[in-house]
Each structure stands twice: as C-alpha cells, then as structure tokens.
Amino acid sequence: MSTELAAYLGLFASAFAAATLLPAQSEAVLVLLLLKGDLPVSALVAIASLGNVLGSIVNWCLGRWIERFRGRPWFPVSERKLERARDWYRRYGKWSLLGSWFPVVGDPITVLAGILREPLPMFILLVSVAKVSRYVVTAGTLARI
C-alpha cells in the first residue's frame, strides 16, 4: 500500500470514528497531513468530510434502531433525559443538525435525529454542510498561520 493511500485511509477512518459516539479526533490527523504538505488540500478535506458524514449516518441509523429498546433496564438514557432531548430537538428542529460539527454535543444530535425520524435526505444535507464547513475552516485557518 502506498503512503498516499495509507494517509487517505487513515484520515477517512479517523473522521468516520470521530463522527460516531467513539472518542476520536480527526482534525489532528487532518492538520498533520496538511502540515506535511504533499497531498492536495481539496482531497484531504473531501476525504475527511466523506468519512465524517458517513459516521454521522451510522449515528442516525443507531438512533432509528435503538429507540425500540426504550424502557429496558440497559437502555443508555433515562426516559426523562430522552424526553428532554426530544423537547430540545423539537424546539430547534432539523436546523440543530448544523451544530453536528461541535465536539461532545454534535454526535448525540445526530443520534437524536435518528430517534426522532428526521428524513435521511435532509439529515445528510444539513450534516454535510456542517461537516464540510468544519474541515474547510480547519484547513483555511491552518493556511493563514
């Protein structure tokens, strides 16, 4: 495997993992690859964005799937907290998905969107805007330093 392919795969994997509920940091990988300077910025931003959006789709699917187990003792969120999250999402609606790029709170928003049955096309559109913007800003900020 070439080093270029390994770099792209590593970035994709870190971006994918970072978008799920797993603890991962894709911006650090992107910054390291940008500082190395031998791969096109546009390709790195595209690969990171694709991985991150696909990871968010996994969260959406998880939300659609896990909700059926609500009320079971092992369910990861209490009924009260789930209702508060639903109220919050209903208040801010699909536009809250533009905040899916935020650390810590962004991933649960994407799971909640699945639980509340946000239509997948709108989910993908809004999450893509958020995720691509994050990587463009990261790359643009580094270019100015």
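So, here's what we can say about the structure. As the structure is a prediction and not an experimental result, all values here were calculated from the model.

### What to know about the side chain of S56
With respect to the helices and strands, the residue S56 is situated in helix α3 (residues 41-66). At 3.3 Å, the side chain of S56 and the side chain of K131 are in polar contact. In this view, S56 contacts A19, T110, F123, V127 and K131; residues no more than four positions away in its chain are not counted.

### Some thoughts on helix α1 (residues 3-19)
Between its first and last C-alpha, α1 extends 24 Å over 17 residues, near the 24 Å set by a 1.5 Å rise per residue. Of the positions making up α1, those classed as buried are A7, Y8, L11, S14, A15, A17, A18 and A19.

### Side note on the packing of α1 against α3
Two elements in contact, α1 and α3, have axes separated by 7 Å at closest approach and are oriented at 35°. In this structure, the crossing between α1 and α3 has a hand that is right-handed. Contacts between α1 and α3 involve Y8, L11, F12, A15, F16, A18 and A19 on the former and, on the latter, A43, L44, I47, A48, L50, G51, N52, L54, G55, S56, V58 and N59.

### A word on the nonpolar core
Across soluble globular proteins, nonpolar side chains show a tendency to be buried alongside one another. Core analysis: the largest hydrophobic core is formed by 13 residues, its most contacted members being L11, L30, L33, L39, L44 and Y135. The set of elements that each furnish at least two residues to this core consists of α1, α2 (26-36), α3 and α6 (120-144). When near neighbours in sequence (up to four residues on either side) are disregarded, L39 contacts E4, A7, Y8, L33 and L44. Judged by nonpolar contacts, the second largest core, of 11 residues, contains V53, W60, L97 and F123.

### Considerations on a nonpolar patch on the surface
There is a patch of nonpolar side chains on the surface, built from W95, L98, L125 and V129 and spanning about 390 Å² of accessible area. Checked against the element boundaries, L98 lands in the loop between α4 (79-92) and α5 (106-115).

### Here we look at the packing of aromatic side chains
Across all of its chains, the model carries 4 aromatic pairs by this definition. Pairing W88 with Y92 gives two aromatic rings, centres 5.3 Å apart and planes at 50°, and the pair type is tilted. Of this pair, W88 and Y92 both sit in helix α4, 4 residues apart, which is roughly one turn of the helix. Of the residues examined, W88 reaches a relative accessible area of 35% and is grouped as partly exposed.

### Considering the layout of surface pockets
The calculated volume of the largest pocket comes to roughly 470 Å³. Considering the residues around the largest pocket, the lining is formed by 17 residues, among which V77, A85, P108, V111 and L112 are closest to the centre. Of the residues belonging to the lining of the largest pocket, the class tally is 15 nonpolar, no polar and 2 charged. The space that makes up the second largest pocket amounts to roughly 310 Å³. Around the second largest pocket, the lining comprises 20 residues; the ones closest to its centre are A18, F102, P103, V104 and R134. Among the residues forming the lining of the second largest pocket, the class breakdown is 12 nonpolar, 4 polar and 4 charged.

Conventions adopted
- Residue positions are counted from 1 within each chain, in the order its sequence is given.
- For a predicted model such as this one, the threshold for reporting local features is a pLDDT of at least 70, and the threshold for listing and counting side-chain atom pairs is 80 or more; totals across whole chains, interfaces and linings nevertheless cover every residue.
- Just so you know, side-chain values use all the structure's heavy atoms and leave hydrogens and water out.
- Strands are runs of DSSP state E lasting at least 2 residues, helices are runs of H or I lasting at least 4, and numbering of each runs from the N terminus.
- In the analysis that follows, any N or O atom pair within 3.5 Å is treated as a polar contact, provided that within protein one partner can donate a hydrogen and the other can accept it, and provided that, for residues neighboring in sequence, both atoms belong to side chains.
- The contact criterion used is simple: two residues touch if any of their non-hydrogen atoms lie within 4.5 Å.
- Each helix should span, by expectation, one fewer than its residue count multiplied by 1.5 Å.
- Under the scheme applied here, a residue whose accessible area is under 20% of the maximum for its type counts as buried, over 50% as exposed, and between as partly exposed, the area being computed with a 1.4 Å probe on protein chains only.
- Here the axes come from fitting lines to C-alpha atoms, over the contacting stretch only for helices, and the angles between their N-to-C directions go from 0 to 180 degrees.
- Note on convention: the crossing is left-handed when the near helix lies turned anticlockwise from the far helix by less than a right angle, right-handed when the turn is clockwise.
- Only buried residues count toward a nonpolar core, which is a set of Ala, Val, Leu, Ile, Met, Phe, Trp, Tyr and Cys residues joined through side-chain atoms within 4.5 Å.
- In this scheme, patches are assembled from residues that exceed 30% relative accessible area and form no salt bridge. Like charges are connected within 9 Å, while nonpolar side chains (Val, Leu, Ile, Met, Phe, Trp, Tyr) are connected within 5 Å.
- What sets the accessible areas is the Shrake-Rupley method with a 1.4 Å probe; for residues, cover comes only from the shown protein chains.
- Salt bridges are defined by distance alone: a side-chain nitrogen of Lys or Arg within 4 Å of a carboxyl oxygen of Asp or Glu.
- Centre distance within 6.5 Å is the pairing criterion for rings of Phe, Tyr and Trp, where only the six-membered ring of Trp is used; planes under 30 degrees apart are then read as stacked, over 60 as edge-to-face, and the remainder as tilted.
- Definitions used for this entry: grid spacing 1 Å over protein atoms alone; cavity, a set of points where a 1.4 Å probe fits but cannot get out; pocket, an open set with protein on both sides within 12 Å along at least 5 of 7 lines; lining residue, one with an atom within 4 Å of a point.
- Grid points are joined across faces, edges and corners, and a volume is the space filled by probe spheres set on the points.
- Amino acids are sorted into nonpolar (Ala, Val, Leu, Ile, Met, Phe, Trp, Tyr, Cys and Pro), charged (Asp, Glu, Lys and Arg) and polar (every other residue, Gly among them).

Geometry only, nothing functional implied.
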